[in-house]
Amino acid sequence: MNKIVTTITMVLLLAVATSCSSVQVAADYDKNANFNTYKTFAFFKTGIDKAEISDLDKRRILRAIESELMAKGFTKSENPDLLVSIFTKSRDKVNVYNNAYGYGPYGYGWGWSPYYWNSGYNSVSTSTEGTLYVDLIDANKKELVWQGMGVGYLSQRMDKKEERIKEFVAKIMEKYPPGAQK
């Protein structure tokens, strides 16, 4: 019975730890830039090509950014005010959960049973933490004027990937323009 309770507890902890849907966001910007003058955008292909993710994910990210900018009143243009670029990073995190009470395969508490000495066991899981940077570059000056960053856990499930990317981008773009956060 204790084995079942411990296993269920470990599974629930693992589910909570890996299903965190929040995205941590931050933004930085050029305090001398006049963000009211920017009305049009285009994607900066040179920068986007350097992002080390699949072409499918790039397209998902770019569609999400385009949608967010258009919702803010921007239009896509051949002669843009802003160039949009992206950069991504990811890292695998290893999570170790330690069961110090010794409820193992044969034990029944504090690591002792007549049949088996059990000093506890560890449960190990991995998850991928991703970082997405969205750069807005003044097209005339060729200078970075705004950078948004989002950090969170990535979904490897294809049915959740697009939804997660939209969430990342929406949270990041909430920070644009500077001073207009909700």
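Rules of the game
Residues numbered from 1 in each chain as written. Predicted model: local features only at pLDDT ≥ 70, side-chain atom pairs only at ≥ 80, totals over all residues. Heavy atoms only, no water. Axes fitted to C-alpha atoms, helices over the stretch in contact; angles between N-to-C directions. Helix = DSSP H or I, 4+ residues; strand = E, 2+ residues; numbered from the N terminus. Parallel < 35°, antiparallel > 145°, perpendicular 65-115°, else oblique. Left-handed = near helix turned anticlockwise from the far one by under 90°. Contact = heavy atoms within 4.5 Å. Nonpolar A, V, L, I, M, F, W, Y, C, P; charged D, E, K, R; others polar. Expected span 1.5 Å × (residues − 1). Buried < 20%, exposed > 50% of the residue type's maximum accessible area, 1.4 Å probe, protein only. Arc of directions from axis to C-beta.

## Examining the packing of helix α3 (residues 55-71) against helix α4 (residues 158-173)
Consideration 1: For the pair α3 and α4, interaxial distance at closest approach is 9 Å and the crossing angle is 40°. As the angle between them shows, α3 and α4 are arranged oblique. For the pair α3 and α4, the sense of crossing is right-handed. Only K161, E162, I165, K166, V169, A170 and M173 of α4 make contact with α3, whose side of the interface consists of D57, R60, I61, R63, A64, I65, E68 and L69.
Consideration 2: The class makeup of the residues in the contact of α3 with α4 is eight nonpolar, no polar and seven charged.

## Comments concerning α4
Consideration 1: Helix length check: α4, at 16 residues, gives a terminal C-alpha distance of 23 Å against a target of 22 Å (1.5 Å per residue), a fit within 8%.
Consideration 2: Buried within α4 are the following residues: K161, R164, I165, F168, V169, I172 and M173. Axial view of α4: buried residues confined to an arc of 160°, hence all on one face. Pointing more than 90 degrees away from the buried face of α4 are the exposed residues D159 and E163.

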